Amino acid sequence: MHRQLLVFFTLFSAFRFSIAASASDWRSRSIYQAVTDRFARSDGSLTSPCDPKDRRYCGGTWRGMINRLDYIQGMGFTAIWISPIVQQISGDTFEGEAYHGYWPQNIYALNPNFGTEQDFKDLVAACHSRGMYLMVDTVINHFANRGEIVNYQAFVPFSDERFFHPRCEIDWGNQTSIERCWMGNGYVSLADIDTENPTVIEIWKEYLVSFIPKYKIDGLFASTPVGISRNRFGANFLVQPMFTPKGRYGIGIRSDVICPYQEHMDSLHNYPFKELATDAFVSSAGSMAELVKVARQMQVQSKDITLFGTFMENHDNPRLGSFTTDIARLRNLAVLNILTDGVPVVYYGQEQALTGSNDPLNREALWLTGYSTTNNLVPTFTVLNTFRNYLVKSATSFITTLATYTLLSSSVINVRKGNVVLVLTNSGEGCGYRHSCQ
Ligand SMILES: *[C@@H]1O[C@H](CO)[C@@H](O)[C@H](O)[C@H]1NC(C)=O
């Protein structure tokens, strides 16, 4: 415990770069993850059309989010993580528009589709006035270019080919190749930043001490860190409250692959737990034994499991509702999501039991649900967050006490964390929010 904090503060003073909240501050939080373009519009519309298949901007904004903070806070969330805020490649491509924010071109300018600089500052201030943290997704692995011929001059601040690795195709079985080669394709090239280059690191540090602090955000989420050599994080690179390897490529879901990254950054996403929890709970044939095994493995192999992000859905993976619409199964997964080890992260729309499968279908416009707070999982998450927030306040040891997982039968597990005992089953109840019980 003390060692963890010490490491953390050392990094901070070495950098003279400070995001307001520390890793241990984040541990007490419960995070709502929102794709800005899909969460809320400035006009408050509940009907503005949005077909995720089109991969186009649907009109969500920071102003729209400010106006819907009651909805997020009402469910007991104490932090929000939003999609990248910086300027993207513009216009349409064969793969649609950059509404998701993962195609940066200028990291010193904000994405005008989401509002003005004042709007963004107002969002941060609105979160802080409610006692909530704001975390911003940040792409540090690549810059984006429309088409195959890369115009490096368009990149700010990395406006020269020498800041990038030469183009090569990723071999996902080879870590060096993952770190050096390019993602993307001929329609959108994702030029891979050369993080072995000391000048590149200096330019990133300059960014972190100049651009980021002026917005007073509380945390950065580093997207696709698996594309960057491990030792470029932590002492040499960034302090990260959160990060995720891309689960969809399969490499992030092994505990022995993911855990060593915590030597270099504070937190990661618990992909192994998410994968096995989904498998275990989406049908009564799912393996609870495998879930118990991976939960224990992660506790043993990680430096500090209580700093991991515990999630069940995100923008890269099919929603739980695409596997099962059974209310009891979704509720049991919500309990695991909020009350086991780690910092809970809930992806927008999970509370509405949305059913989108793979990207781009899992990026639905939330306004089309009407932000309803009944006949969905909103009451469930509200109760769970209220309970966890109470435990955080009244018994700080709850969040640092490791859970004990016990298999009671092939379909029932017992999870004990501090004074809290959970008994969870995957037997389901045979009905969903959009179809009635027999
Ligand atoms: C792994 O990828 C790197 C970078 O592309 C390459 O130089 C190396 O030969 C590859 N190793 C193997 C075993 O394929």
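Everything numeric here is computed off the predicted structure, so don't read it as measured data.

### Quick notes on empty space enclosed by the protein
The gaps of empty space that remain are located by a probe, the size of a water molecule, rolled over the atoms.
Point 1. Enumeration over the complete set of coordinates arrives at 5 cavities of 30 Å³ or more.
Point 2. A volume near 80 Å³ is recorded for the largest cavity.
Point 3. Every residue lining the largest cavity is listed: Pro84, Ile85, Val86, Pro104, Ile107, Val136, Asp137, Thr138, Val139, Tyr207 and Ile212.
Point 4. Top element by residues in the lining of the largest cavity is strand β5 (residues 133-139). It accounts for 4 residues.
Point 5. Its residues assigned to classes, the lining of the largest cavity comprises 9 nonpolar, 1 polar and 1 charged.
Point 6. Forming the walls of the second largest cavity are Asn270, Phe273, Ala295, Met298, Gln299, Ile305, Thr310, Thr340, Asp341 and Tyr405.
Point 7. Here the lining of the second largest cavity is built from residues that sort into 5 nonpolar, 4 polar and 1 charged.

### Quick look at the environment of Pro198
Point 1. Assignment of secondary structure puts Pro198 in helix α8 (residues 198-210).
Point 2. Measuring from C-alpha to C-alpha, the distance between Pro198 and Phe163 comes to 9.8 Å, with 35 residues separating the pair along the chain.

### Some details on the UniProt feature "site: Transition state stabilizer" (unreviewed entry) in the protein
Point 1. The residues that UniProt annotates with the feature "site: Transition state stabilizer" (unreviewed entry) are Asp316.
Point 2. If you trace the backbone, Asp316 turns up in the loop between β11 (309-311) and α12 (327-339).

### Things to note about the UniProt feature "binding site: substrate" (unreviewed entry) in the protein
Point 1. Mapped onto this numbering, the UniProt entry gives "binding site: substrate" (unreviewed entry) at Trp103, His142, Gly252, Asp316 and Arg363.
Point 2. Summarising the element assignment, Trp103 is placed in the loop between β3 (86-88) and β4 (104-110).
Point 3. In this structure Trp103 comes out as buried when scored by relative accessible area, which is 8%.
Point 4. Setting aside residues no more than four positions away along its own chain, Trp103 makes contact with Gln87, Gln88, Ile89, Thr93, Glu95, Gly96, Glu97, Ala98, Ala144, Val188 and Leu190.
Point 5. With respect to the secondary-structure elements, Arg363 resides in the loop between β12 (343-347) and α13 (378-394).
Point 6. The residues contacting Arg363, other than those within four sequence positions of it, are Arg38, Pro52, Tyr99, His100, His315, Asp316, Tyr347 and Tyr348.

### Things to note about the side chain of Ser302
Point 1. Relative to the elements of secondary structure, Ser302 occurs in the loop between α11 (288-301) and β11.
Point 2. The exposure class assigned to Ser302 is buried, which follows from its relative accessible area of 8%.
Point 3. A polar contact of 2.7 Å, which involves the side chain of Ser302, links it to the backbone oxygen of Met298.
Point 4. Once residues lying within four places of it in the same chain are set aside, the contact partners of Ser302 are Cys259, Gln262 and Phe308.

### With respect to the sheet that holds strand β14 (residues 412-417)
Point 1. Strand order in the open sheet made by the 3 strands is β13-β14-β15, with antiparallel pairing throughout. Looking at the sheet topology across the chains shown, the edges are occupied by β13 (404-409) and β15 (420-425). The mean angle between the axes of side-by-side strands here comes to 20°, regardless of whether they run parallel or antiparallel.
Point 2. Sheet topology note: the β14/β15 ladder contains 6 bridges and is antiparallel. When the bridges of β15 are listed, Arg416 appears paired with Val421.
Point 3. Packed on one face of the sheet, α11 meets β13, β14 and β15 and runs near 165° to β13.

About the criteria used
Residues numbered from 1 in each chain as written. Predicted model: local features only at pLDDT ≥ 70, side-chain atom pairs only at ≥ 80, totals over all residues. Heavy atoms only, no water. 1 Å grid on protein atoms, 1.4 Å probe; cavity = no way out; pocket = protein on both sides within 12 Å on 5 of 7 lines; lining within 4 Å. Points joined across faces, edges and corners; volume = space filled by probe spheres on them. Helix = DSSP H or I, 4+ residues; strand = E, 2+ residues; numbered from the N terminus. Nonpolar A, V, L, I, M, F, W, Y, C, P; charged D, E, K, R; others polar. UniProt positions renumbered as here; feature names shortened; annotations may be inferred. Buried < 20%, exposed > 50% of the residue type's maximum accessible area, 1.4 Å probe, protein only. Contact = heavy atoms within 4.5 Å. Polar contact = N/O pair within 3.5 Å; in protein donor to acceptor, adjacent residues only side chain to side chain. Pairing = 2+ DSSP bridges. Axes fitted to C-alpha atoms, helices over the stretch in contact; angles between N-to-C directions.

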